[in-house]
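Reading the structure
The primary structure of each chain is shown beneath.
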Amino acid sequence: MDFSNIVVKVHEPYPEIVGATECTKTVKVLKDLMSSSEGELTAILTYFYQSSVSRCMEPEIADILEEISIVEMQHMDLLSNAIVSFGGLPTYTNSRNMHYTTNYINYNTNFKTILTNNIKGEEEAIRNYELGIDLVQNESLKLLFERIIKDEKKHIEIFKMLEKSVKFLMVSDF
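Residues numbered from 1 in each chain as written. Predicted model: local features only at pLDDT ≥ 70, side-chain atom pairs only at ≥ 80, totals over all residues. Heavy atoms only, no water.

1. Focus: the overall build of the chain
Within the chain, the secondary structure is distributed over five helices and zero strands. At 16 Å, the chain has a C-alpha radius of gyration in line with the 16 Å of a compact globule built from 174 residues. Put simply, the chain has 174 residues, and 44% of those count as buried. Pairs at least 24 apart in sequence give 83% of the contacts found in the chain among residues at least 6 apart. Computed over 17 positive and 26 negative side-chain charges, the separation of the two mean positions in the chain equals 5 Å. (Helix = DSSP H or I, 4+ residues; strand = E, 2+ residues; numbered from the N terminus. Rg over C-alpha atoms; globule rule 2.2 N^0.38 Å. Buried < 20%, exposed > 50% of the residue type's maximum accessible area, 1.4 Å probe, protein only. Contact = heavy atoms within 4.5 Å. Lys, Arg positive; Asp, Glu negative; His and termini not counted. Charge placed at Lys NZ, Arg CZ, Asp CG, Glu CD.)

2. Section: the environment of I133
Positionally, I133 belongs in helix α4 (residues 111–135). Spatially, the C-alpha atoms of I133 and G88 are 19 Å apart, while their sequence positions differ by 45 residues. Apart from the residues lying within four places of it in its own chain, the contact partners of I133 are K142, F145, E146 and I149.

3. Some thoughts on unusual backbone geometry
Positive phi is not limited to glycine here, since N97 has a value of about 65°. In this structure, N97 sits in the loop between α3 (59–85) and α4. With a relative accessible area of 55%, N97 lands in the exposed category.

4. Thoughts on the layout of surface pockets
If you add up the space inside the largest pocket, you get close to 290 Å³. In this structure, the largest pocket is lined by 22 residues; those nearest its centre are S37, E38, T42, A43 and G121. For the lining of the largest pocket, the secondary-structure elements that each account for two or more residues are α1 (24–35), α2 (40–54) and α4. The element best represented in the lining of the largest pocket is α4, accounting for seven residues. In terms of residue class, the lining of the largest pocket is made up of six nonpolar, 10 polar and six charged. Estimates place the volume of the second largest pocket at around 200 Å³. Around the second largest pocket sit 13 residues that line it, and V29, D32, L33, N128 and L131 are the ones nearest its centre. For the lining of the second largest pocket, the secondary structure elements donating two or more residues are α1 and α4. (1 Å grid on protein atoms, 1.4 Å probe; cavity = no way out; pocket = protein on both sides within 12 Å on 5 of 7 lines; lining within 4 Å. Points joined across faces, edges and corners; volume = space filled by probe spheres on them. Nonpolar A, V, L, I, M, F, W, Y, C, P; charged D, E, K, R; others polar.)

5. As for the pattern of salt bridges
In total, this model carries seven salt bridges according to the counting rule given. When the shortest N-O distance is used, the salt bridge between D63 and R55 registers 2.4 Å. You can call D63 partly exposed: its relative accessible area is 36%. A relative accessible area of 31% places R55 in the partly exposed class. Residue E139 pairs with K142 through a salt bridge whose shortest N-O separation is 3.7 Å. Placement of the pair is E139 and K142 together in helix α5 (residues 139–165), with a separation of three residues, close to one helical turn. Connected via shared salt-bridge partners are R55, D63 and E66. (Salt bridge = Lys/Arg side-chain N within 4 Å of Asp/Glu carboxyl O.)

6. Things to note about the side chain of R147
In this structure, R147 sits in helix α5. The buried category is assigned to R147, whose relative accessible area is 2%. Apart from the residues lying within four places of it in its own chain, the contact partners of R147 are K9, V10, E12, P13, Y14 and P15.

7. Considering α2
When the terminal C-alpha atoms of α2 are compared, their 21 Å separation across 15 residues agrees well with the 21 Å that a helix rising 1.5 Å per residue should span. If you check which residues of α2 are buried, you get E40, L41, T42, A43, I44, T46, Y47, Q50, S51 and S54. (Expected span 1.5 Å × (residues − 1).)

Laid out in structure tokens, this is it:
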């Protein structure tokens, strides 16, 4: 199958944060979106790992996973900058000040399982951003969360498309 025309993000600018004031509650929401077990850092490292282990067997899919990882890096950069804007430090800790651990990364190598887990992970990310929209007061930050959700929905579309194509691919462990 030809996967070369897959677009991994929505072509729409990310809103700028305006009117940010120091807010511990907002920083905690942002830190969980960035560095929790379901956060952007976990998505980045998981997709990059999957890209690396699939490179020799499915190079086109490895490229897609790497590109999605890069989009997640952009999300993390936006969250990092927002943390600073709201008076926090973008350390790799969650809202409870627990340090990030690579135990959060999904090291599975079975392609069907990878896709299923990636879809679940993106769905969880969307739920977390929607919760964030309810918890923060800053309207521009809410708009940023809504924009990031669009990318996460795009990733789900891609993973579901790959899932449908899995019968044409190697479905055992890489």
